[in-house]
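Here is what each chain is made of, one letter per residue.
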Amino acid sequence: MSDTLTKAQRHRCMSAIHGRNTKPELLVRALLHKQGFRFRLHANFLPGKPDIVLPKYRAVIFVHGCFWHSHHCKRGRSTPATNQAFWKKKRAATVRRDRSVRRRLRSRGWRVIVVWECRPMTAGLPRPIARLLEPASIGTRRVPLPGKLPVKTGSRGCPVADG
Ligand SMILES: [Zn+2]
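Basis of the calculations
Residues numbered from 1 in each chain as written. Predicted model: local features only at pLDDT ≥ 70, side-chain atom pairs only at ≥ 80, totals over all residues. Helix = DSSP H or I, 4+ residues; strand = E, 2+ residues; numbered from the N terminus. Expected span 1.5 Å × (residues − 1). Buried ≥ 20, exposed ≤ 12 C-beta atoms within 10 Å, placed from the backbone. Pairing = 2+ DSSP bridges. Contact = placed C-beta atoms within 7 Å. Axes fitted to C-alpha atoms, helices over the stretch in contact; angles between N-to-C directions. Core = buried A, V, L, I, M, F, W, Y, C linked by C-beta atoms within 7 Å.

## What about helix α2 (residues 23–34)?
Line of reasoning, step 1. Taking 1.5 Å as the rise per residue, α2 with 12 residues should run 16 Å; its terminal C-alpha atoms sit 16 Å apart, in good agreement.
Line of reasoning, step 2. Among all positions of α2, only Glu-25, Leu-26, Leu-27, Val-28, Arg-29 and Ala-30 are buried.
Line of reasoning, step 3. Looking one or two residues past α2, Gly-36 carries a phi angle of roughly 85°, positive in sign.

## A look at helix α4 (residues 84–107)
Line of reasoning, step 1. With 24 residues, α4 extends 35 Å from end C-alpha to end C-alpha; this agrees with the ideal 34 Å at 1.5 Å per step.
Line of reasoning, step 2. Immediately beyond the C-terminal end of α4, within one or two residues, lies Gly-109, with a positive phi of roughly 90°.

## Some thoughts on the environment of Trp-110
Line of reasoning, step 1. Position of Trp-110 relative to the elements: it lies in the loop between α4 and β4 (111–116).
Line of reasoning, step 2. Residue classification places Trp-110 among the buried positions, given that 21 C-beta atoms sit within 10 Å.
Line of reasoning, step 3. In the structure, Trp-110 is positioned 57 residues away from Val-53 in sequence and 9.7 Å away in space, judged by C-alpha atoms.

## Re the sheet that holds strand β3 (residues 59–64)
Line of reasoning, step 1. On the basis of which strands lie adjacent, the open sheet formed by 4 strands has the order β1-β2-β3-β4 and mixed pairing. Edge positions in the sheet fall to β1 (40–41) and β4, since each of these pairs with one other strand and no more.
Line of reasoning, step 2. Sheet strands in contact with α2 are β2 (52–54), β3 and β4, and its direction is about 145° off that of β3.

## Side note on unusual backbone geometry
Line of reasoning, step 1. The residue His-42 is not glycine, and still its phi comes out positive at about 45°.
Line of reasoning, step 2. Looking at where His-42 falls in the secondary structure, it is placed in the loop between β1 and β2.
Line of reasoning, step 3. Positioned with a positive phi, Asn-83 is a non-glycine residue whose angle comes to about 50°.

## With respect to the nonpolar core
Line of reasoning, step 1. Core analysis: the largest hydrophobic core is formed by 19 residues, its most contacted members being Ile-52, Ala-59, Val-60 and Ile-61.
Line of reasoning, step 2. Counting only elements with at least two residues in this core, the list comes to α2, β2, β3 and β4.
Line of reasoning, step 3. The element contributing the most residues to this core is β3, with 5 residues.
Line of reasoning, step 4. In this structure, Ile-61 is in contact with Val-28, Pro-50, Asp-51, Ile-52, Ile-113, Val-115 and Ile-129, ignoring residues within four places of it in sequence.

Okay, here's the thing in structure tokens:
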């Protein structure tokens, strides 16, 4: 295991409550970095504040926690023992927001990749990312990163639907 990963794991202790800098995200970042990719983090000028932005590839990566984003896996389908209605509502809202965010990003010409935390990353970059970053996939779609885009935000700084 590289020094980057060790540092990454250590950094986990300081990770934010809101799912930023979670371990799977750090793994993806370490793998991208190791392969020489340049990226930006938590770009708040884009809908949904994507975890990782690869401007050269006009691509964004979301590293989703299975529970919060209701993945179709064991963890994603698990139900807490208490406050079931509360969690159900909260997670349904997250899924709706994710869908809206993906749609808005795509409509602006961004390619959206979702990496689930349950997917093993020990063998290298998750397949959707590896495929995207193959040299042939860049082609003519090389578009410069746009300037600061107007993103409406709600009372708590969360992006809201802009129609
Ligand atoms: Zn999962």
